[in-house]
Amino acid sequence: MDGVNGTMKTQKAQQYDARDNKLHLNEIEIPKPRPHELLVKVACASLCHSDVMMFEPNDQGLILGKNPVTIGHEATGVVKELGSDVQNFKVGDKVGFLPASDCCLECEPCVKTCVTGKQQMAGFGVDGYFQEYVVVDSRCSMVLPEELDVTEAAPLFCAGVTAYHGVDDCKLKPGQWMAIIGCGGLGHMGVQYAKAMGLKVIGLDVVDDQLEEAKVQGADYVFNSMTDKEYVKKILEITNGGVDAAVNFTASKKAYDDAPQIIRPALGILMAVGIPRQPLTFNGMDIAMGRFRLMGSNNGTPANMRPAIEFSAKHGVKPHLTTYVLEDLPKMIDIM
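Residues numbered from 1 in each chain as written. Predicted model: local features only at pLDDT ≥ 70, side-chain atom pairs only at ≥ 80, totals over all residues. Heavy atoms only, no water.

Engineer: Would you take a moment to explain the sheet that holds strand S2 (residues 22–29) for this structure?
Structural biologist: Note on sheets: strands pair through backbone hydrogen bonds, and any given pair is parallel or antiparallel. The three strands lie next to each other as S2-S1-S4, forming an open sheet whose pairing is antiparallel. This sheet does not close on itself; its edge strands, each paired only once, are S2 and strand S4 (69–70). Pairing between strand S1 (residues 10–17) and S4: two bridges, direction antiparallel. Paired with tyrosine 16 across the bridge in S4 is valine 69. (Pairing = 2+ DSSP bridges. Helix = DSSP H or I, 4+ residues; strand = E, 2+ residues; numbered from the N terminus.)

Engineer: Please explain the sheet that holds strand S3 (residues 37–45) as it appears in this structure.
Structural biologist: In spatial order, the strands read S9-S3-S5-S6-S10; together these five strands make up an open sheet with antiparallel pairing. Single-partner strands in this sheet number two, and they are strand S9 (133–137) and strand S10 (141–143). Geometrically, the sheet is characterised by an average inter-axis angle of 45 degrees between neighbouring strands, direction not taken into account. Bridge count between strand S5 (residues 75–82) and strand S6 (residues 94–97): four bridges; the pairing is antiparallel. (Axes fitted to C-alpha atoms, helices over the stretch in contact; angles between N-to-C directions.)

Engineer: Would you explain the pairing of S2 in this entry?
Structural biologist: On a regular strand, one side chain projects to one face of the sheet and the next to the other, so that they alternate. Where S1 meets S2, eight bridges bridge the pair, whose relative direction is antiparallel. By the bridge assignment, threonine 10 is partnered in S2 with glutamate 29. From the end of S1 to the start of S2, which pair antiparallel, there are four residues, and asparagine 21 there has a positive phi angle of about 60 degrees.

Engineer: Explain the side chain of glutamine 192 here, please?
Structural biologist: Examined against the element boundaries, glutamine 192 turns out to sit in helix H4 (residues 187–196). According to the relative accessible area criterion, glutamine 192 is buried, its value standing at 11%. At a separation of 3.1 Å, a polar atom in the side chain of glutamine 192 contacts the main-chain carbonyl oxygen of lysine 318. Residues within four places of glutamine 192 in sequence aside, it is in contact with Gln217, Gly316, Val317 and Lys318. (Buried < 20%, exposed > 50% of the residue type's maximum accessible area, 1.4 Å probe, protein only. Polar contact = N/O pair within 3.5 Å; in protein donor to acceptor, adjacent residues only side chain to side chain. Contact = heavy atoms within 4.5 Å.)

Engineer: I'm lost on a nonpolar patch on the surface in this one. Help?
Structural biologist: Together, Val206, Val207 and Met226 make up a nonpolar patch on the protein surface, roughly 250 Å² of accessible area in all. Along the chain, valine 206 falls in the loop between strand S12 (200–205) and helix H5 (208–216). By relative accessible area, valine 206 is classed as partly exposed at 43%. (Patch = residues over 30% accessible without salt bridge, like charges linked within 9 Å, V, L, I, M, F, W, Y side chains within 5 Å. Areas by Shrake-Rupley, 256 points an atom, 1.4 Å probe, with all protein chains shown as cover. Salt bridge = Lys/Arg side-chain N within 4 Å of Asp/Glu carboxyl O.)

Engineer: Is there a simple way to think about the pattern of salt bridges in this case?
Structural biologist: Opposite charge on two side chains allows them to pair when their charged atoms are near. For the coordinates displayed, the defined rule picks out 15 salt bridges. Across the pair glutamate 152 and lysine 318 runs a salt bridge whose closest N-O atoms are separated by 3.7 Å. Remark: lysine 318 occurs in the loop between helix H9 (302–315) and helix H10 (329–335) and glutamate 152 occurs in the loop between S10 and helix H3 (159–168); sequence separation between them is 166 residues. The shortest N-O distance in the salt bridge between lysine 195 and aspartate 220 comes to 3.0 Å. With lysine 195 in helix H4 and aspartate 220 in the loop between H5 and strand S13 (221–224), the pair connects residues that are 25 residues apart, well separated along the chain. By relative accessible area, which is 27% here, lysine 195 ends up partly exposed. What makes aspartate 220 partly exposed here is its relative accessible area of 37%.

As structure tokens, this is what we get:
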């Protein structure tokens, strides 16, 4: 038996405990779906940088709920049980889902941002996805397109949706220039999305291996912003005045400080995606006079999930995966 409607009542879960700031592999009950929820057998849960932030000083507003809490907020799996009110899903469906919990999905903040005073995020406020079975809100879930593998698709439901909208929300036209700042986990997907949208792409990073990966994914030019002292001048020459948008996927304050100098004056966009621990500052005159436009992109709502996933399936956008067993999650965190 697979543990559902069988003899098994418990499952393994990797849980963060704030009392010792460590992970523990615990045995917990298999959850029961509420009327609007799905019970899902996890096929793959992937590690996001936000998960690692739990082990750092909590100065970024992370809202922790129960303690200990199962970590993880991006995953895919197979439906095992339906809540009484669930429609448009069936047992056996391969699904992906967003980590929002307890949203009404009726008020404007819920519909547009999934951020309200009551909303809980899986892996922080409520149990997340580094466990064998999870309950997820059916309204924040979707059946995977046939082109997507249920394991490979897991990072798309945080990293993919975030990278897609960081690029797409700039609303550039084919042939325009975009800088992808940070070519790692989010950035290597951002390069893929930008190229699939017909944009010309410049990759910026301080790690040469990640720049090489950006070239593999189609970046037209790449620069190491730490070692190449002439990178700003070169970008301005290549683009004839600056990129039309710079999307910063890094958590580096310096990357934000430096980005305006490569953006095309009066027309360009600085898209904020990465979240540094330090507060960001911008020249008020630059913003008021239109030197560049500062924008942000929400990283995932039920309204914007489906376009990102369907675009990924259509254009073959895939994250690079290295797989581990559940017991090796501490090793994954050390590597990240």
